[in-house]
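# Observations on chain architecture
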Amino acid sequence: MADDLFIEMEASQYTKSGQAACGDDVRFQTVEKENRHLCALSDGLGSGVKAHILATMTTSMAIKFLESNIPTIEAAEIIMDSLPVCEVRKIGYATFSLFDFRLGGRARITEMGNPGYIHLRGETEISPLSDRQVVSAHWPDREVRECEADFRVGDRIIMCSDGVTQSGLGVRKDMKFGWRRSGVLAYARELIHSEPEISAKELSAAISCRALQLTPGGCKDDITCVVVYMRRPRVMRILSGPPYYKEHDSEYARQALIGEEHVVICGGTTANIIERELGKKVKVSLSEMRRAGGLPPVGRIDGIGIATEGILTLSRVTTALEERRPPMEEPPAARAILTRMMAHDRIEFVIGTKVNECHQDPNIPQDLELRRSVVKRMTAALEKNFRKQVTINYY
């Protein structure tokens, strides 16, 4: 079932040493109504701000063309015609790799100038179903490669800029021609062998980091690695607030029974319901209390998940998501929730609708919003900033 699948698309980048802007750019887009997932990676000519402009123009146009189903060669010609001309080299040029996949169908990968993509099923490299080269009459020196791939559950597509494949070039004697595509392939296989369910985020970060390490003395070229991974979604569930009707408490509590690593209980009343209905106790260690960092400490319910305070903590998490603040900058309770969110694909909120009278006190600061309002803000930030799938169920 398509509803049971998740397409994880992630990228990791390093900017060339001494440059203010990365000359590579990546753009992702999900077309929900078509169950379609798009990705564009571009490497602008040279490096720095000019390359960044070329790359961002290319990815923004490419995503629009993909979504509109513009023929590849026509899209490539429009992109090349639109790019500003470099004053030194007298050309406007940016390479690109495009990924277009509709659940239930086949993936289409289009490349011009970038290293060839890698398609892995486990540790096995998969050849494309079709592979053809197209040359534009308008730009005869630009060859476009169009591939169709049988993209299945568990498969990964790896795309990168030449800053990855050329790492080590001219520096390492054992890499006369750089790391090359074959080196990236071997390293990806090694990582997957040691961790078969490694996420797209972790794999892209590991490959780009390895490319950086292969060139001592700083980043010699912009480095970008993109990984697309189709798998079953990793589901996290957050329970907060008591149900409107007390007779629903038992059913509500059972929503927490999906695994200890996937559940967060927010709010003292909510934790009390879980304790009563499931026969568990919240445990808070002394060390957690000492380093709470301005928020009530994190508790743990054996076999269920973690427990935190409610509105204050959720409000802090919401602000961090909206401002894209790293989890490590937050107090332990907010950090624990954010870390779990980033490790999961689908976030399910189970929200009790009984009003907590203490939150109606006019003396409480205005930013202490009602639970449902906070969750709506959090949902918007998760979907927009982190491409998470979010559902809300009210009790």
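Note: the structure precedes this text.
Residues numbered from 1 in each chain as written. Predicted model: local features only at pLDDT ≥ 70, side-chain atom pairs only at ≥ 80, totals over all residues. Heavy atoms only, no water.

Another aspect to go through is the overall build of the protein chain. In terms of helices and strands, the protein chain carries eleven helices and 18 strands. The buried share of the protein chain, reckoned over its 395 residues, is 49%. Long-range pairs, those at least 24 residues apart, make up 68% of the contacts in the protein chain with a sequence separation of at least 6. Carbon and sulfur atoms provide 50% of the accessible area of the protein chain, an area that totals close to 18,800 Å². Measuring between centres, the 53 positive side-chain charges of the protein chain sit 3 Å from its 54 negative side-chain charges. (Helix = DSSP H or I, 4+ residues; strand = E, 2+ residues; numbered from the N terminus. Buried < 20%, exposed > 50% of the residue type's maximum accessible area, 1.4 Å probe, protein only. Contact = heavy atoms within 4.5 Å. Areas by Shrake-Rupley, 256 points an atom, 1.4 Å probe, with all protein chains shown as cover. Lys, Arg positive; Asp, Glu negative; His and termini not counted. Charge placed at Lys NZ, Arg CZ, Asp CG, Glu CD.)

A word on the sheet that holds strand S7 (residues 124-125). In spatial order, the strands read S1-S11-S10-S6-S7; together these five strands make up an open sheet with antiparallel pairing. Because the sheet does not close on itself, it has two edges, and the strands there are strand S1 (6-14) and S7. Bridge count for strand S6 (residues 118-121) against strand S10 (residues 155-160) is four bridges, and the pairing is antiparallel. In the sheet register, Ile-118 faces S10, and the bridge partner there is Ile-158. Strand contacts of helix H4 (residues 180-194): S6, S7 and S10, with the helix running at about 25° to S6, the strand carrying the most contacts. Most of the contacts of helix H5 (residues 200-213) go to S1, to which it runs at about 20°, and overall it touches S1, S10 and strand S11 (223-231). (Pairing = 2+ DSSP bridges. Axes fitted to C-alpha atoms, helices over the stretch in contact; angles between N-to-C directions.)

Two elements in contact, helix H9 (residues 311-322) and helix H10 (residues 332-342), have axes whose closest approach is 9 Å; the angle formed by their N-to-C orientations is 55°. Between H9 and H10, the crossing angle belongs to the class labelled oblique. For the element pair H9 and H10, the recorded crossing hand is right-handed. Of the residues in H10, those in contact with Thr-313, Arg-316, Val-317, Ala-320 and Leu-321 of H9 are Ala-333, Ala-334, Ile-337, Leu-338, Met-341 and Met-342. Here the residues of the contact of H9 with H10 are counted per class, giving nine nonpolar, one polar and one charged. (Parallel < 35°, antiparallel > 145°, perpendicular 65-115°, else oblique. Left-handed = near helix turned anticlockwise from the far one by under 90°. Nonpolar A, V, L, I, M, F, W, Y, C, P; charged D, E, K, R; others polar.)

Attention shifts here to the state of the cysteines. Under the criterion given, the structure shown has zero disulfides. Free cysteine: Cys-219, not disulfide-bonded; nearest cysteine sulfur from Cys-22 at 8.0 Å. Under the relative-accessibility criterion, Cys-219 is labelled buried at 6%. (Disulfide = S-S within 2.5 Å.)

By themselves, these observations are geometric and do not establish any function.
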